[in-house]
Amino acid sequence: MLSDLYAGALEDAKAREAATTISELEAAIAASPQPLDVLSALAPDETIKVIAEVKRASPSKGELADIRDPQSLAQQYEAGGAAAISVLTESRKFKGSLADLAEVKRGVSIPVLRKDFIATEFQLLEARAAGADMALLIVAGLEQPLLQRLYDFSMQLGITPLVETHSAEEVARAVDIGAEIIGVNARNLSTFELDRDLFASVADHIPSGVIRVAESAVASVADVAHYRAGGADVVLVGEALVRDGDPAAAVAAFSAVA
């Protein structure tokens, strides 16, 4: 599944690259504001912080929500106290786009994450041009030299990488490249099965001072509390929020977990 997702994302990126030059992206970047301070936004606090996700669909569950106005949804997340917004930009399985990200960015004052299957510098350039303050780098999908190269290039652009892991070994790889924000995804991206206890089992391998993000398997306040007890500074939540009739209230409830 993961290799197929990367292959599709890269094919789509090549099509966009054929229609948009690097110099055009660089001009857009030069004319745009500097990215926001993500480390401050996600810094550990007395209560857990929430990255709330704009997510229309997933490979495992298909269509999740008919999100006709991603900006309005993101504004509701911000009103509920979200620390950042994640926007799925992969189009094939998640039904997202860079247009969604740009629209969300125009409507909120908190950091915005491009969540996609990033494997090239071009994808980081277009993320920055669309307004991303953060970008997802998935350890499982990238060889170490490429992971380091993309991490360094992201930092050069002013984009803060969220480095996603699924094991203690992958956490070690994230630490080796200098990651300041490490996510642990409870979803196995090869099988798409969930293990809510994975975070706690690898959290101790994340050094002090590195922001710890628990991803996936969040459906309730009890799930958030479970991750908080395991050492999470931040939770990234998508499905539970896009399916909730009051996303602002849901974010507020999650954000109140101490």
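All of these numbers come straight from a predicted model, not from anything done at the bench.

A. How the structure looks around the environment of L113. Checked against the element boundaries, L113 lands in strand β5 (residues 112-115). Measuring from C-alpha to C-alpha, the distance between L113 and S216 comes to 16 Å, with 103 residues separating the pair along the chain. Here L113 is in contact with I85, S86, V87, L101, M134, A135, L136, L162 and L236, once residues within four sequence places are set aside.

B. Representation of the layout of surface pockets in the model. There is about 380 Å³ of room inside the largest pocket. Taken together, 27 residues form the lining of the largest pocket, with E53, K55, K115, R187 and S216 sitting closest to its centre. The residue makeup of the lining of the largest pocket, split by class, is 14 nonpolar, five polar and eight charged.

C. How the structure looks around the nonpolar core. Among the nonpolar cores identified, the biggest contains 91 residues, and L42, Y77 and I85 are the most heavily contacted of them. Residues in contact with Y77, not counting those within four places in the same chain, are A52, E53, V54, A82, I85, L241, V242, P247 and V251.

D. Representation of the pattern of salt bridges within the structure. Within the structure shown, the criterion is met by 13 salt bridges. Residues E239 and R243 are paired through a salt bridge, measuring 2.9 Å at the closest nitrogen-oxygen approach. What makes R243 partly exposed here is its relative accessible area of 46%. In the salt-bridge network here, residues are joined through shared partners; they are R16, R114, D116 and E126.

E. Summary view of the packing of aromatic side chains. One pass over the structure, following the stated rule, counts three aromatic pairs. Seen in terms of ring centroids, F94 and F117 are 6.0 Å apart; in terms of plane orientation they differ by 35 degrees. Their pairing is tilted. On the criterion of sequence distance, the pair formed by F94 in the loop between β4 (84-88) and α5 (98-107) and F117 in the loop between β5 and α6 (121-130) is long-range, its members being 23 residues apart. When sorted by exposure, F94 lands in the same class as F117, which is buried. Between F199 and Y227 the ring centres are 5.9 Å apart and the planes differ by 80 degrees, which places this aromatic pair in the edge-to-face class. Placement of the pair is F199 in helix α9 (residues 198-202) and Y227 in helix α10 (residues 221-229), with a sequence separation of 28 residues. For the pair shown, F199 and Y227 are each scored as buried. Three or more aromatic residues joined by ring pairs form one cluster here, namely Y6, F94 and F117.

How each quantity is defined
Residues numbered from 1 in each chain as written. Predicted model: local features only at pLDDT ≥ 70, side-chain atom pairs only at ≥ 80, totals over all residues. Heavy atoms only, no water. Helix = DSSP H or I, 4+ residues; strand = E, 2+ residues; numbered from the N terminus. Contact = heavy atoms within 4.5 Å. 1 Å grid on protein atoms, 1.4 Å probe; cavity = no way out; pocket = protein on both sides within 12 Å on 5 of 7 lines; lining within 4 Å. Points joined across faces, edges and corners; volume = space filled by probe spheres on them. Nonpolar A, V, L, I, M, F, W, Y, C, P; charged D, E, K, R; others polar. Core = buried A, V, L, I, M, F, W, Y, C linked by side-chain atoms within 4.5 Å. Buried < 20%, exposed > 50% of the residue type's maximum accessible area, 1.4 Å probe, protein only. Salt bridge = Lys/Arg side-chain N within 4 Å of Asp/Glu carboxyl O. Phe/Tyr/Trp six-rings, centres within 6.5 Å; stacked < 30°, edge-to-face > 60°.

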